[in-house]
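Below are the chains, spelled out letter by letter.
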Amino acid sequence: MTAEVGILNANGLVLAADSALTMGNSEQMKIFNSGNKIFSLGPTHSIGIMMFGNVQFMGIPWEIIVKGFHQKIGARPLDSVWNYCTEFFNYLESVDEIYSSIYTEVLIIGYVENISYILENTTYIPSPGAFTLADYQKAVEEKIPALLKESEKMKSITKKAPIKVFSDRYGEKMDEVFKELFDTVFLGLNLYDKFKADLYKIVRNYVYSDSYYPDTYSGLVIGGFGYDELFPSIYQYDISGVVDKVIKKRLVVRQIVMNDFAEDRCSSAIVPFAQQDMVHTVINGIAPDLEADLGELLRATLEKLISELTEKKLLKESDATEINKLKAMLVESGLDAFENMKQERHLTPVLMTIDSMPKEELALIAETLVNITSFKGKISFSMETVGGPIDVLLITKGDGPVWVKRKNYFNPDINRLR
């Protein structure tokens, strides 16, 4: 994981990121605190590009792709940040090396492993009494047709390959992963052939889906000013490889500073990426996991109250339908009231402060938010996947991109340009 944040108002945009790169898996993990995640396109382009998640795209480091894009567009600035996004993906499509059969296979196997994880962690209701393996196995068997039905409803980014073509290409590799799952769950009962065709279809549908992305996707952030733009904007995409010559991507964040208020437009914004929990805690006044539990706690409390009142004969069991409707209404109104309180007491004052904050302060706030996330890792039992020096890039209309903080892999004193 990583921690990154973008903060923008009328004065400019700042991007901040830690330097931790996590490699491996939960069993074998290595963390390097020297990764570069923010890149400038040079003094003539008021644009910063930031990435998180997978540091490579189809086997090519994102840093190399960004530098190739910089060379491609030259020194002349583009009219808008949206044009930079468009041209970036046009350039990416022109890179022949991304159409790699080897990394396409790696991409497919990533989807297979995700689906195996979903099946392996299927929830189930055990029979009364002691745990039985049959309950779990039955739940996994029932999950497969449910996933297939769900996957058939997903919209595709391009025309799906016929299942025979898909299975001929990747069936052998898919079998390796799925057979290991079935041997673990079904203990050598030789049920794989029964479900193989459905599993192939699920993988094919997920690969072509415009909504399903495996854990190995990359996050790409492009922000700053176009030549014709007075105010900054920021865009974030999820990108998950190439499928039949089509780059699988989706626009997740679009924030544009404007003087008027409309959809996706704002006067200021704090936009966290990757590991976001501490940023949301600071600006909302409550940790996201606690907020998610609030509704369940409220429901459980009302359920307990109703149960106690019914037991004491203060409520009639015949009124259960009306009581449940009232309970649902109270939960909804309570959560709405809490949301309004959160907005009024925390989020709105923070954004009002950001609205008129000088550009120098924006940089300090961005660095601090990343630092807080790193600090949280130090005082918890979780793996410290956020750390290292924090890079901060400030972009303004007048000065373009300026590094407020930047680590170097070389000593600048002995590498000066002649």
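The structure we're discussing is the one just above.
Residues numbered from 1 in each chain as written. Predicted model: local features only at pLDDT ≥ 70, side-chain atom pairs only at ≥ 80, totals over all residues. Heavy atoms only, no water.

S.K.: Describe the overall build of the protein, naming the residues involved and giving the relevant values.
M.R.: A tally of helices and strands in the protein yields 10 helices and 15 strands. Reported as C-alpha extents along the three principal axes, the dimensions of the protein are approximately 80 × 60 × 40 Å. Relative to its full complement of 418 residues, the protein shows a buried share of 42%. Relative to all contacts within the protein whose residues are 6 or more apart in sequence, the contacts with residues 24 or more apart total 68%. Taken as a whole, the protein presents about 23400 Å² of accessible surface, with 54% of it coming from carbon and sulfur. Separation between the mean location of the 44 positive side-chain charges and that of the 57 negative ones in the protein comes to 3 Å. (Helix = DSSP H or I, 4+ residues; strand = E, 2+ residues; numbered from the N terminus. Buried < 20%, exposed > 50% of the residue type's maximum accessible area, 1.4 Å probe, protein only. Contact = heavy atoms within 4.5 Å. Areas by Shrake-Rupley, 256 points an atom, 1.4 Å probe, with all protein chains shown as cover. Lys, Arg positive; Asp, Glu negative; His and termini not counted. Charge placed at Lys NZ, Arg CZ, Asp CG, Glu CD.)

S.K.: Describe the sheet that holds strand S1 (residues 3–9), naming the residues involved and giving the relevant values.
M.R.: Spatial ordering of the open sheet is given by S13-S1-S2-S14-S15, a layout of five strands whose pairing is antiparallel. In this open sheet, the two edge strands, each paired with only one partner strand, are strand S13 (268–274) and strand S15 (400–405). Strand-to-strand twist in this sheet, taken as the mean axis angle between neighbours without regard to direction, amounts to 15°. Two strands pair when backbone bridges link them, and strand S14 (residues 391–396) and S15 are joined in this way by five bridges, in the antiparallel orientation. By the bridge assignment, Val392 is partnered in S15 with Lys405. Against the sheet, helix H9 (residues 320–355) makes contact with S1 and S13, and its axis sits at roughly 110° relative to S13, the strand it touches most. Most of the contacts of helix H10 (residues 359–378) go to S1, to which it runs at about 155°, and overall it touches S1, strand S2 (12–17), S13, S14 and S15. (Pairing = 2+ DSSP bridges. Axes fitted to C-alpha atoms, helices over the stretch in contact; angles between N-to-C directions.)

S.K.: Can you explain the environment of Gly400? Please cite residues and give values.
M.R.: Residue placement: Gly400 occurs in strand S15. Residues Gly400 and Gly42, 358 residues apart in the sequence, show an inter-C-alpha distance of 8.6 Å. Leave out the neighbours within four places in its chain, and Gly400 touches Ser46, Leu394 and Ile395.

S.K.: Describe in detail the pattern of salt bridges, supporting the description with residues and values.
M.R.: Oppositely charged side chains may form a pair once their charged atoms are brought near each other. Here the structure, examined in full by the defined rule, presents 14 salt bridges. A salt bridge links Lys196 to Asp193; the nearest nitrogen and oxygen atoms lie 3.9 Å apart. Note that Lys196 and Asp193 are positioned in helix H6 (residues 192–208) at a spacing of three residues, about one turn of the helix. Judged by relative accessible area, which is 25%, Lys196 ranks as partly exposed. When its relative accessible area of 62% is taken as the criterion, Asp193 is described as exposed. Close ionic contact of Lys325 with Glu322 constitutes a salt bridge, the shortest N to O distance being 4.0 Å. Of this pair, Lys325 and Glu322 are both found in helix H9, three residues apart, which corresponds to roughly one turn of the helix. Lys325 sits in the exposed class, given a relative accessible area of 54%. Through salt bridges with shared partners, a single network forms among Glu291, Glu339 and Lys342. (Salt bridge = Lys/Arg side-chain N within 4 Å of Asp/Glu carboxyl O.)

S.K.: Break down the packing of aromatic side chains for me, citing the residues and quoting the values.
M.R.: For the structure shown, the criterion picks out 16 aromatic pairs. Where Phe178 meets Tyr192, the ring centres are 6.4 Å apart and the plane angle is 35°; that geometry is what we call tilted. Here Phe178 is found in helix H5 (residues 163–186), whereas its partner Tyr192 is found in helix H6, with 14 residues between them in sequence. Of the two residues examined, Phe178 and Tyr192, each falls in the buried class. (Phe/Tyr/Trp six-rings, centres within 6.5 Å; stacked < 30°, edge-to-face > 60°.)

S.K.: I'd like to hear about the side chain of Asn114, residue by residue, with values.
M.R.: Checked against the element boundaries, Asn114 lands in helix H3 (residues 101–120). For Asn114, a relative accessible area of 12% puts it in the buried group. Apart from the residues lying within four places of it in its own chain, the contact partners of Asn114 are Tyr212, Pro214 and Asp215.

S.K.: Provide a residue-level description of unusual backbone geometry, including the pertinent values.
M.R.: Across the chain, the bulk of peptide bonds are trans and the bulk of non-glycine residues have phi less than zero. In this structure, Met58 is a non-glycine residue whose phi angle is positive, near 50°. Mapping Met58 onto the fold places it in the loop between strand S7 (56–57) and strand S8 (60–61). Positive phi values are uncommon outside glycine, yet Asp244 reaches one of about 50°. Along the polypeptide, Asp244 turns up in the loop between strand S10 (233–243) and strand S11 (246–257). Overall, the relative accessible area of 38% leaves Asp244 in the partly exposed class.

S.K.: Can you lay out the nonpolar core for me, pointing to particular residues and giving the numbers?
M.R.: Judged by nonpolar contacts, the single largest core of 34 residues is most densely connected at Phe178, Leu199 and Val203. At the level of secondary structure, the elements contributing two or more residues to this core comprise H3, helix H4 (133–152), H5 and H6. Contacts of Leu199, omitting those with residues within four sequence positions, involve Leu119, Ile144, Phe178, Phe182 and Tyr192. Residues Met51, Cys85, Phe89 and Val242 belong to the second largest nonpolar core, which totals 31 residues. (Core = buried A, V, L, I, M, F, W, Y, C linked by side-chain atoms within 4.5 Å.)

S.K.: Please give an account of H5 that cites residues and values.
M.R.: Between its first and last C-alpha, H5 extends only 26 Å over 24 residues, short of the 34 Å set by a 1.5 Å rise per residue. The largest bend in H5 amounts to roughly 65° and is located at Tyr170. Inspection of H5 places Phe166, Ser167, Tyr170, Gly171, Met174, Asp175, Val177, Phe178, Leu181, Phe182, Val185 and Phe186 among the buried residues, and these make up the whole buried set. Contact partners of the buried residues in H5: H3, H4 and H6. Just downstream of H5 lies Leu187, where phi reads positive at about 50°. (Expected span 1.5 Å × (residues − 1). Bend = angle between axes of the 7 residues up to and from the residue.)

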